[in-house]
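Listed below, chain by chain, are the residues.
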Amino acid sequence: MYRLHQTSTIIIGLIIPLVLSGCTNHPTKAEAASLKPVEIKEWQVPWDQTRPRDPYVDQQQRVWFVGQGGDYIAVLDPELGQFHQFKLGPGTGPHNLIVDKEGQVWYAGNRAAHIGKLDPSTGKIIKYPMPDPKAHDPHTLVFGHDRDIWFTVQQGNFVGHLDMATGKIQLIPLPTAQARPYGMVLGPTQSPWFTEFGSNKLGTVDQATKTVREIPLSRNETRPRRLGVTSDGVIWYVDYAEGYLGSYNAKTGDIQEWLAPGEADAKPYGMTVDDQDRVWFVETGANPNRLVGFDTRTQTFMSLTDIPSGGGSVRHMVYHQPTKTLWFGTDANTIGRAKIP
């Protein structure tokens, strides 16, 4: 039984209805034990204690990732189990990467205030520095629709836009102080959506005007960290603070939330959405971390799997449609793959 709350909030003079559906009878331990597990394989990264994270699968099905604690970019050939490393400058602190159709690797220099582009064929790196010293920590990158990149700047409190053709970076300050923009995805209209980990809000950017619209979530205690989008355009997020999975329907303003199997101690973090509109996220409050699957059509949790290495923390996760796999990095110094049904 789900308890329904009807409420409304005022945003810039407009009254937007919000609906919060809080899960009041979450899975019991017995029910959680019956949730179907999936197959997980992990590869031990050969560079110890370097926090491998934020993998991205290229068109050759190689898996790229950053070593945040080791100042490198690396690639894994999962068929051969072989790794290759590209060194970055000391103090780069790479946080996230994405790979374009030409095979160029774009990364966030989180501790060195730049976005970089690595050409794997030559090892050459081109750096695009932040135009404002306040934007010292570019965080999460996503591709836009027209040879551009959108990104968050967590501590600097910006959302950024990089035109790959010109190299120009535009920074957009957020209305909320210390909002800590964090996870980011491209929405159904090709506009970026992001979480504000320092507040209880989601945000989006109007591509034409480059202005930010913020959407307060229903609980003040919510701290959304990562997010995804389903084929119907609904935005899904995880609440790291209190252990909820939530959804926001931009067309109706409806917000619904379900308490995760791990309840208030779940600390859900890395998440993604597959091609069947199922949400997958990792409970990092559990030891070992647990991969959780949620069917958005039936609105039920349907999978629960311990991560073999323990995980430590799984901070980001991606879905690779051609192989029906989820990829993630762990603080246990592994790259992981989950095969999903």
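Quick caveat: nothing in here was measured; it's all calculated off a predicted structure.

The rules behind the values
- Every chain is numbered on its own, with residues counted from 1 as its sequence reads.
- Totals for whole chains, interfaces and linings use every residue, but because this is a predicted model, local features are given only for residues with pLDDT of at least 70 and side-chain atom pairs only at 80 or more, for both listing and counting.
- Side-chain measures were taken over the full set of non-hydrogen atoms in the model, leaving aside hydrogen atoms and water.
- Numbered from the N terminus, helices here are DSSP runs of H or I no shorter than four residues, and strands are runs of E no shorter than two.
- Only C-alpha atoms enter the radius of gyration, while the globule expectation follows 2.2 Å times N to the 0.38, with N the number of residues.
- Working definition: with a 1.4 Å probe on protein chains only, accessible area under 20% of the residue-type maximum means buried, over 50% means exposed, and in between means partly exposed.
- Any Lys or Arg side-chain nitrogen located within 4 Å of an Asp or Glu carboxyl oxygen qualifies as a salt bridge.
- Any pair of nitrogen or oxygen atoms within 3.5 Å is treated as a polar contact; in protein, a donor-acceptor pairing is required on top of that, and neighbouring residues in sequence qualify only through side-chain atoms on both sides.
- Here a residue-residue contact requires only that any non-hydrogen atoms of the pair lie within 4.5 Å.
- Strand pairing requires that DSSP identify at least two bridges connecting the strands.
- All axes here are fitted lines through C-alpha atoms, helices being fitted over the stretch that makes contact, and every angle between N-to-C directions spans 0 to 180 degrees.
- Every residue carries a pLDDT, the predictor's confidence in it, which falls somewhere between 0 and 100.
- The rule is short: rings of Phe, Tyr and Trp, with Trp giving its six-membered ring, pair when the centres are within 6.5 Å, and they are stacked under 30 degrees, edge-to-face over 60, tilted in between.

**Quick notes on the overall build of the chain**
Here comes step 1: If you tally the helices and strands in the chain, you get 1 helix and 30 strands.
Here comes step 2: On C-alpha atoms alone, the chain measures out to a radius of gyration of 19 Å, which is about the 20 Å that the 2.2 N^0.38 rule sets for 341 residues.
Here comes step 3: When the backbone C-alpha atoms are referred to their principal axes, the chain occupies close to 60 × 45 × 30 Å.
Here comes step 4: Relative to its 341 residues, the chain shows a buried fraction of 58%.

**Some points on the pattern of salt bridges**
Here comes step 1: Tallied over the entire structure, the rule returns 13 salt bridges.
Here comes step 2: Among the ionic pairs, R219 bridges to E257, the shortest N-O distance being 2.8 Å. Here R219, found in the loop between β19 (211–216) and β20 (224–229), pairs with E257, found in strand β23 (residues 255–259); they are 38 residues apart in sequence, far enough to count as distant. Of the two residues, R219 and E257, both sit in the buried class.
Here comes step 3: With a closest N to O distance of 3.5 Å, D277 and R297 form a salt bridge. Taken together, the residues D277 in the loop between β24 (268–273) and β25 (278–283) and R297 in the loop between β26 (290–295) and β27 (300–306) connect sequence positions 20 residues apart.

**Here's the deal with the side chain of D54**
Here comes step 1: Take D54: it is sitting in strand β4 (residues 52–57).
Here comes step 2: A polar contact is formed between the side chain of D54 and the side chain of R53, at a distance of 2.8 Å.
Here comes step 3: At a separation of 2.9 Å, a polar atom in the side chain of D54 contacts the side chain of N96.
Here comes step 4: Setting aside residues up to four positions removed in sequence, D54 forms contacts with W64, F65, H95, N96, L97, R226 and H316.

**Quick word on the sheet that holds strand β3 (residues 39–44)**
Here comes step 1: The 4 strands lie next to each other as β3-β30-β29-β28, forming an open sheet whose pairing is antiparallel. In the strand order of this sheet, the two ends are held by β3 and β28 (317–320), each with one partner. Along the sheet, successive strands turn relative to each other by an average axial angle of 20°, direction set aside.
Here comes step 2: Bridging between strand β29 (residues 325–329) and strand β30 (residues 334–339) involves 5 bridges; their strand directions are antiparallel. Bridge assignment links F328 to a residue of β30, and that residue is G336.

**Let's talk about the confidence of the model for the chain**
Here comes step 1: Taken residue by residue, the chain gives an average pLDDT of 91. The fraction at 70 or more is 90%.
Here comes step 2: Counting contacts from residues 1–25, a segment whose pLDDT is below 50, to residues more than four positions away or on other chains yields 61 contacts.

**Quick word on the sheet that holds strand β5 (residues 63–67)**
Here comes step 1: Within the open sheet, the 4 strands sit side by side as β4-β5-β6-β7. Their pairing is antiparallel. Each edge of the open sheet is held by one strand with a lone partner, namely β4 and β7 (82–87). The mean angle between the axes of side-by-side strands here comes to 25°, regardless of whether they run parallel or antiparallel.
Here comes step 2: Sheet topology places β4 next to β5; 4 bridges connect them, and they run antiparallel.

**A short note on the side chain of R278**
Here comes step 1: Relative to the elements of secondary structure, R278 occurs in strand β25.
Here comes step 2: For R278, the side chain forms a polar contact with the side chain of D274, separated by 2.7 Å.
Here comes step 3: A polar contact of 2.5 Å, which involves the side chain of R278, links it to the backbone oxygen of P341.
Here comes step 4: Not counting residues within four places of it along the chain, the set of residues in contact with R278 comprises T272, V273, F294, D295, M302, I340 and P341.

**Things to note about unusual backbone geometry**
Among all residues save glycine, negative phi is the norm, and among peptide bonds the norm is trans.
Here comes step 1: Following N287, the chain continues to P288 via a peptide bond in cis, the omega torsion being 5°.
Here comes step 2: As for its placement among the helices and strands, P288 is situated in the loop between β25 and β26.
Here comes step 3: Not every positive phi belongs to a glycine, and Q49 is a case in point at roughly 55°.
Here comes step 4: By the element assignment, Q49 lies in the loop between β3 and β4.
Here comes step 5: On the basis of relative accessible area, Q49 is assigned to the exposed category, the value being 68%.

**Side note on the packing of aromatic side chains**
Here comes step 1: Inspection of every chain in the model, using the stated rule, returns 18 aromatic pairs.
Here comes step 2: Both rings, one in W43 and one in W327, keep their centres 5.5 Å apart while their planes meet at 25°; by these two values the pair is stacked. Taken as a pair, W43 in strand β3 and W327 in strand β29 lie far apart in primary sequence, 284 residues in all. Accessibility classification places W43 together with W327 in one group, the buried group.
Here comes step 3: Between the aromatic rings of W236 and F294, the centroid separation amounts to 5.8 Å while the plane-to-plane angle is 55°, which identifies the pairing as tilted. Linking W236 in strand β21 (residues 235–239) with F294 in strand β26, this pair joins segments that are 58 residues apart in sequence.

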